[in-house]
Amino acid sequence: MCGIVGYTGKKKPINILVDGLRALEYRGYDSAGVAFWSNPSIKTVKRAGRLNNLVSALQGIEDKPGYAAIGHTRWATHGAPNDLNAHPHSDCTGNIFLVHNGIVENYKTLKEELQKAGHKFYSETDTEVISHLIEEEIKNNPLYSAKRSILNSINKLQGAFALLIMVKSEPEKLFAVRNFSPLVLGINGNDDEYIVASDPTPIARHTRQIIYMNDGDMAIISPKGYEFVDFKHNSLKKDIAQIDWDIEEAQRGGHAHFSAKEIFEQPDVIENVLRGRLIPEEGMAKLGGLETVREKLRGIKRFVITACGTAGFAAEVGEYMFEEYGGVPVEVELASEFRYRKPILDPETAVIFISQSGETADTIAALRESKEKGALTLGIVNVVGSSIARETHAGVYTHAGPEISVASYKAFTAQLTALVLYAMLLGRQRQMSMTMGKRIAEELKNIPQLMRQVLKQSDKVKEIAQKYKDFNNFLYIGRKYNYPIAYEGALKMKEVSYAHAEGYSSAEMKHGPIAMIDENFPTVAIIPKDSVYEKNFSNLQEIKARSGPIIAIATEGDEDIKYITEDVIYIPKTLEMLTPLLTIVPLQLFAYHSGVLRGRDVDRPRNLAKSVTVE
Ligand code: F6R
């Protein structure tokens, strides 16, 4: 999704903006641009494609220190990803320059009105409308300050937007506006400089002091200081927070790709999720973030878990965990569907929102709808201070660290682990015995070690990926706890290798998909020794009988599986509910190696965005 960076301070801005945009590349983009002061006026440089195209275009251009500057990576929504549609956008007079993340829903009406008033548009974007709107406001009220004109203009916008605006008449100032799209302000008090960005990653290399903007905030920032107002012009007081993660964490750490780094660091991530939260001797989970609602949770009769994409598959695994061990009924729903139904919610229902970024537009909309209907809202979120983390009544951070790879790996296993802790807490409040709680806690403690064993097989998985490099269709199947894992494994394959991969229930094969099976259609089967092993095994025999090649993820010691499969990757034995934490690892590796062998940009697959902040 689009990334925003802005700077005001005594340094030359181009390098700061470009570095900031590089730090935001992981969000996904298809063009980039910057606007900065260069004698005698503001200069805009924009290029379609990778950031390096912009960097080349900036060669030899002088930038002026001491003034405001803005930059943007665009992930196209309205209009093709070309130079013209790239941000920053400007008005007819060349006085206003701005970058935008989000969608202006009423842009068509506004554009028609502005065209009637004589404004000329050069791009297909919804964003350009905002600059003309501000221009019109200034024209009609020449005595107003830029701040007032901007506030009056944004009050006419509908939709989601984070904006960073420069106005020629106030050259040192950045005007930052947040409404349903994220924006944070970094404060480097020592150097009298300020950086605004879509998330803290570009800021962390300059300062640790940060203000998370809220929806409905505008910040007016210059090297002399900043002020915050709401959209009704009232002053706001803000707390300064500290960035508490290390920028090194956001680097590749010796791996060829962020994807590999993030797959391999999963055992450490699980340890982080568990740290201080597991009380094995009591068979309990202690979740500080849920303390305020702990008693309320006892009275909850029904849970809904909602999320998108990979987080949605974690939610589905959670459903099995909560019902088997938590002893509560659960429904899982995609956030994008939830928001458009009329979900039946009441104060005895808790809705859990799972999100890596904490900024996914559909999930946020589902959260707001749930709050409106009086449900208890809980989070499982990775990014600290993100919208979902702040807006839920209570929640649990996954502590997975910054996830740079666009495809989600470590955030997923962190979400699964957090769901186990939730299930333990709910179960022990209801019918789960201490003995069962202890058993889960003991097995869970071992998971990082078992995961390390699975990761050691990376080279073997690579060999299998090499063997299937030229196959363009895969079926992924599993049952019960590993049914959602089949979907997640297939999603990873699609995302990073661009091969067609379909997730399915092993049991459902015979109701249709088995028609596709022949010697050119491999199946990836997740078949640990669990309560559905025998059934799963019969389903695989049906595939074998039709000459379909099978790659199995099975439990160590299972020799029978070798007779019906071409390749087997073994996982160590663990409790059935925890098997997804191990079975997903070879599937992540398979997708990763397949992507690399096929020459894909595995960290930044085409057409994808890290943080999906539009519907
Ligand atoms: C897939 C992937 C996406 C996200 C989805 C939700 O690898 O990363 O499917 O899981 O866009 O994003 P978050 O978790 O940030 O809400």
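Residues numbered from 1 in each chain as written. Predicted model: local features only at pLDDT ≥ 70, side-chain atom pairs only at ≥ 80, totals over all residues. Heavy atoms only, no water.

**A few points about the overall build of the chain**
For the record, the criterion: Helix and strand assignments come from DSSP, with helices taken as H or I runs of at least 4 residues and strands as E runs of at least 2, each series counted from the N terminus. The atom set for the radius of gyration is the C-alpha atoms, and the globule formula is 2.2 Å times the number of residues raised to the power 0.38. Classification of residues uses two cut-offs on accessible area relative to the type maximum, computed with a 1.4 Å probe and protein chains only: under 20% is buried, over 50% is exposed, and between them is partly exposed.
Scanning the chain from N- to C-terminus turns up 18 helices and 27 strands. Whereas a compact globule of 615 residues would reach a radius of gyration of roughly 25 Å, the chain reaches 26 Å, a difference of no more than 12%. Considering only C-alpha atoms, the chain reaches an extent of 80 × 55 × 45 Å along its principal axes. Per-residue burial over the chain gives 61% buried out of 615 residues.

**A few points about the pattern of salt bridges**
Our working definition: Should a side-chain nitrogen of Lys or Arg be within 4 Å of a carboxyl oxygen of Asp or Glu, the pair is scored as a salt bridge.
Enumeration according to the criterion identifies 35 salt bridges in this entry. Residue Lys 224 is joined to Glu 172 by a salt bridge in which the shortest nitrogen-to-oxygen separation is 3.1 Å. A residue pair is termed long-range when its members are at least 10 positions apart, and Lys 224 in the loop between strand E12 (217-222) and strand E13 (225-230) and Glu 172 in the loop between strand E7 (159-167) and strand E8 (174-179) qualify at 52 residues. Take Glu 172: its relative accessible area is 27%, and that puts it in the partly exposed class. Of the charged contacts, one joins Glu 369 and Lys 373 as a salt bridge, the two residues approaching to 2.2 Å between their closest N and O atoms. Judged by relative accessible area, which is 33%, Lys 373 ranks as partly exposed. Taken together, the shared-partner salt bridges connect Glu 25, Arg 50, Asp 601 and Arg 604 into one network.

**Looking at the domain arrangement of the chain**
Put simply, the rule reads: Throughout the structure description, domain borders are defined by an automatic or database domain assignment. Pairs of residues are marked as contacts when any of their non-hydrogen atoms sit within 4.5 Å. By definition, the buried area sums, over both parts, the 1.4 Å-probe accessible area that each loses when the two are put together. Residues are grouped as follows: nonpolar covers Ala, Val, Leu, Ile, Met, Phe, Trp, Tyr, Cys and Pro; charged covers Asp, Glu, Lys and Arg; every other residue, Gly included, is treated as polar.
For the chain, the assigned domains read domain 1 (3-243), domain 2 (252-455) and domain 3 (457-601). Taken over C-alpha atoms, the centre of domain 2 sits 25 Å from the centre of domain 3. Of the residues lining the interface, 36 residues belong to domain 2; the matching set on domain 3 comes to 31 residues. With both sides pooled, the region where domain 2 packs onto domain 3 buries about 3000 Å², and carbon together with sulfur makes up 74% of that total. Linking domain 2 to domain 3 there are 0 salt bridges. Secondary structure elements with two or more residues in the side of domain 2 that touches domain 3: helix H6 (258-264), helix H7 (266-274), helix H9 (309-326), helix H13 (410-429) and helix H14 (434-455). With 11 residues, H14 is the single largest residue contributor to the side of domain 2 that touches domain 3. The residue makeup of the side of domain 2 that touches domain 3, split by class, is 23 nonpolar, 9 polar and 4 charged.

**Structural notes on the sheet that holds strand E5 (residues 89-90)**
To keep things clear, this is the line we draw: When DSSP locates at least two bridges between a pair of strands, those strands are taken to pair.
Spatially, 7 strands are ordered E5-E6-E7-E8-E12-E13-E14 in an open sheet, and the strand pairing comes out antiparallel. The sheet terminates laterally at E5 and strand E14 (235-236), the two strands that pair on one side only. In this sheet, E14 lies alongside E13 in antiparallel orientation, the contact comprising 2 bridges. Note on E14: the bridge partner recorded for Phe 228 is Leu 236.

**Observations concerning the sheet that holds strand E4 (residues 69-74)**
What counts is decided by this rule: In this analysis, axes come from line fits to C-alpha atoms, helices being fitted only over the stretch in contact, and the angle between any two N-to-C directions falls in the range 0 to 180 degrees.
With antiparallel pairing, the 8 strands of this open sheet are ordered in space as E3-E2-E4-E1-E10-E9-E11-E15. Edge positions in the open sheet fall to strand E3 (41-48) and strand E15 (241-242), since each of these has one partner strand only. As paired elements, strand E11 (residues 209-212) and E15 share 2 bridges and run antiparallel to each other. The partner of Gln 209 across the bridge, within E15, is Gln 242. In the packing of helix H1 (residues 14-24) onto the sheet, contacts are made with strand E1 (3-8), strand E2 (31-38), E4 and strand E10 (193-197), and the angle to E1 comes to roughly 155°. Against the sheet, helix H2 (residues 51-58) contacts E2, E3 and E4, and its axis sits at roughly 140° relative to E3.

**Considerations on the site of the ligand**
Rule in force here: Throughout this document, a residue counts as near a molecule or strand when at least one of its heavy atoms sits within 4 Å of that molecule or strand. The definition of a polar contact used here is a pair of N or O atoms within 3.5 Å, where within protein one atom must be able to donate a hydrogen and the other to accept one, and adjacent residues in sequence count solely through side-chain atom pairs. In these tables, accessible area is a Shrake-Rupley quantity obtained with a 1.4 Å probe, and a residue counts as shielded only by the protein chains included in the view.
Near the ligand there are 14 residues, and of these Ser 355, Gln 356, Ser 357, Thr 360 and Glu 495 occur at the shortest range. Within the side chain of Ser 357, a nitrogen or oxygen atom sits 2.6 Å from an oxygen atom of the ligand. Residue Lys 492 places a side-chain N or O atom 3.0 Å away from an oxygen atom belonging to the ligand. Protein contact buries 90% of the 400 Å² of open area that the ligand shows by itself. Where the shell around the ligand is concerned, the elements lending two or more residues are H9 and helix H16 (483-497). Here the shell around the ligand gets 3 residues from one element, more than from any other, and that element is H9. Split into classes, the residues belonging to the shell around the ligand amount to 5 nonpolar, 7 polar and 2 charged.

**Re the environment of Ser 357**
Position of Ser 357 relative to the elements: it lies in the loop between strand E20 (349-355) and helix H11 (361-372). With relative accessibility at 9%, the residue Ser 357 sits in the buried group. Sequence separation between Ser 357 and Ser 387 is 30 residues; the distance between their C-alpha atoms is 8.8 Å. If sequence neighbours within four positions are ignored, Ser 357 has contacts with Val 383, Ser 386 and Ser 611. Separated by 3.1 Å, the side chain of Ser 357 and the backbone nitrogen of Glu 359 make a polar contact. Polar contacts involving the side chain of Ser 357 include one to the side chain of Thr 360, which spans 3.4 Å.

**Quick notes on the nonpolar core**
To keep it simple, the criterion reads: Throughout this description, the term nonpolar core refers to a set of buried Ala, Val, Leu, Ile, Met, Phe, Trp, Tyr and Cys residues connected via side-chain atoms within 4.5 Å.
Judged by nonpolar contacts, the single largest core of 93 residues is most densely connected at Phe 303, Phe 322, Leu 378 and Phe 590. Here this core gathers at least three residues from each of two domains, domain 2 (252-455) and domain 3 (457-601). The residues contacting Phe 322, other than those within four sequence positions of it, are Phe 303, Ile 305, Gly 327, Val 328, Val 330, Ile 352, Leu 419, Tyr 422, Ala 423 and Leu 426. One finds Ile 130, Ile 134, Phe 175 and Met 218 within the second-largest nonpolar core, a separate group that totals 26 residues.

**Describing the packing of H7 against H14**
Keep this limit in mind: Orientation labels follow simple angle bins: below 35 degrees gives roughly parallel, above 145 gives roughly antiparallel, 65 to 115 gives roughly perpendicular, and whatever is left gives oblique.
At a minimum axis separation of 8 Å, H7 and H14 run at an interaxial angle of 170°. Of the possible angle classes, the one that applies to H7 and H14 is roughly antiparallel. Judged by residue contacts, Gln 266, Pro 267, Asp 268, Ile 270, Glu 271 and Leu 274 of H7 engage Leu 444, Lys 445, Ile 447, Pro 448, Met 451, Arg 452 and Leu 455 from H14. Among the residues forming the contact of H7 with H14, the class breakdown is 8 nonpolar, 1 polar and 4 charged.

**As for the packing of aromatic side chains**
How we decide: Any two of the Phe, Tyr and Trp rings considered here, Trp counted by its six-membered ring, make a pair once their centres fall within 6.5 Å; the pair's planes then place it as stacked at under 30 degrees, edge-to-face at over 60, or tilted in between. Whether a charge sits over a ring depends on NZ of Lys or CZ of Arg being within 6 Å of the ring centre and within 35 degrees of the ring normal.
Using the criterion set out here, one finds 12 aromatic pairs in the structure. Ring geometry for Tyr 226 against Phe 228: centres 5.9 Å apart, planes inclined by 80°, an arrangement best described as edge-to-face. Grouping aromatic residues by their ring pairs yields a cluster made of Tyr 468, Phe 471, Phe 474 and Phe 590. The ring of Tyr 144 carries the charged tip of Arg 148 above its face, separated from the ring centre by 4.1 Å. The ring of Tyr 409 carries Lys 492 above its face, with NZ or CZ at 5.7 Å from the centroid.

**Description of the pairing of E4**
With 6 of its 6 residues buried, E4 lies for the most part within the structure. Side chains Ala 69, Gly 71 and Thr 73 project from E4 onto one buried face, and the interleaved Ile 70, His 72 and Arg 74 project onto a second face that is buried too. Pairing between E1 and E4: 5 bridges, direction antiparallel. Note on E4: the bridge partner recorded for Val 5 is Gly 71. Bridge count between E2 and E4: 5 bridges; the pairing is antiparallel. The partner of Ala 35 across the bridge, within E4, is Ile 70.

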